Amino acid sequence: QVQLVESGGGLVQAGGSLRLSCAASGRTFSSYDMGWFRQAPGKEREFVGAISRSGGSAYHADSVKGRFTISRDNAKNTMYLQMNSLKPEDTAVYYCAAGSTNKYYFWGQGTQVTVSS
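Predicted, not measured: the structure shown is a model, and the values here were computed from it.

Analysis parameters
Residues numbered from 1 in each chain as written. Predicted model: local features only at pLDDT ≥ 70, side-chain atom pairs only at ≥ 80, totals over all residues. Heavy atoms only, no water. Helix = DSSP H or I, 4+ residues; strand = E, 2+ residues; numbered from the N terminus. Rg over C-alpha atoms; globule rule 2.2 N^0.38 Å. Contact = heavy atoms within 4.5 Å. Areas by Shrake-Rupley, 256 points an atom, 1.4 Å probe, with all protein chains shown as cover. Lys, Arg positive; Asp, Glu negative; His and termini not counted. Charge placed at Lys NZ, Arg CZ, Asp CG, Glu CD. Core = buried A, V, L, I, M, F, W, Y, C linked by side-chain atoms within 4.5 Å. Buried < 20%, exposed > 50% of the residue type's maximum accessible area, 1.4 Å probe, protein only. Pairing = 2+ DSSP bridges. Axes fitted to C-alpha atoms, helices over the stretch in contact; angles between N-to-C directions. Phe/Tyr/Trp six-rings, centres within 6.5 Å; stacked < 30°, edge-to-face > 60°. Lys NZ or Arg CZ within 6 Å of the ring centre and 35° of its normal. Disulfide = S-S within 2.5 Å.

Caption draft 1: Inspection of the overall build of the protein at higher detail. A tally of regular secondary structure across the protein gives zero helices and 11 strands. Taking 117 residues into account, the globule formula puts the C-alpha radius of gyration at 13 Å, and the protein, at 13 Å, falls close to it. Principal-axis analysis of the C-alpha atoms gives the protein an extent of 40 × 25 × 20 Å. Taking contacts inside the protein between residues at least 6 apart in sequence as the whole, the part at least 24 apart equals 53%. For the protein, the exposed area adds up to about 6,100 Å²; of that, 47% sits on carbon and sulfur atoms. The distance from the centre of the 12 positive side-chain charges to the centre of the 8 negative ones in the protein is 5 Å.

Printed below as a string of structure tokens:
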């Protein structure tokens, strides 16, 4: 029902910043809670953060709290993840997802973030 495309990943040195974007199709973007997840090599998918339909509430995992900020612009059908003070352990494929009540049904293809020492 909704298609998601991530962008903005790349290679950055430790301490640097990146801003990821998740562009959604259709006119129903504001109907979904949105989330960011990541998966590092050899590890399970990890929750990064989530944001409510209106953008009024956001939650960040402890591992990224204070460094990452999730936001959304419903007029642009886009969700963002501002990533500051990046660490090598942040290296992963980052995925955006759409859903409701903490259940995610639609996923993007992922974008690679690599943080070098």
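Caption draft 2: How the structure looks around the nonpolar core. The biggest cluster of nonpolar side chains holds 29 residues, and the ones touching the most others in it are Leu 4, Met 34, Trp 36, Met 79, Leu 81 and Tyr 94. Those elements giving two or more residues to this core turn out to be strand S3 (18-24), strand S4 (33-39), strand S5 (46-51), strand S7 (68-73), strand S8 (78-83), strand S9 (92-100) and strand S11 (111-116). Once you skip the residues sitting within four places of it in the chain, Met 34 turns out to touch Leu 4, Cys 22, Phe 29, Gly 49, Ala 50, Ile 51, Ile 70, Arg 72, Met 79, Ala 97, Ala 98 and Tyr 104.

Caption draft 3: Inspection of the sheet that holds S7 at higher detail. The four strands lie next to each other as S1-S3-S8-S7, forming an open sheet whose pairing is antiparallel. The sheet terminates laterally at strand S1 (4-7) and S7, the two strands that pair on one side only. In this sheet, neighbouring strand axes are inclined to one another by 15° on average, regardless of whether the strands run parallel or antiparallel.

Caption draft 4: Broad picture of the packing of aromatic side chains. Within the structure shown, the criterion is met by six aromatic pairs. With centroids separated by 4.9 Å and ring planes inclined at 55°, the aromatic side chains of Phe 37 and Trp 107 adopt a geometry described as tilted. Here Trp 107 lies in strand S10 (residues 103-107) and Phe 37 lies in strand S4, a separation of 70 residues in the sequence. Taken together, Phe 37, Phe 47, Tyr 59, Tyr 104 and Trp 107 form an aromatic cluster joined through their ring pairs. The ring centre of Phe 29 lies 4.3 Å from the NZ or CZ of Arg 72, which sits over that ring.

Caption draft 5: Representation of the state of the cysteines within the structure. Tallied over the entire structure, the rule returns one disulfide. Here Cys 22 connects covalently by a disulfide to Cys 96, the sulfurs 2.1 Å from one another. Where Cys 22 bonds to Cys 96 through sulfur, the torsion about that S-S bond is close to 60°, and the disulfide is right-handed. Note that Cys 22 is positioned in strand S3 and Cys 96 in strand S9, a separation of 74 residues in sequence.

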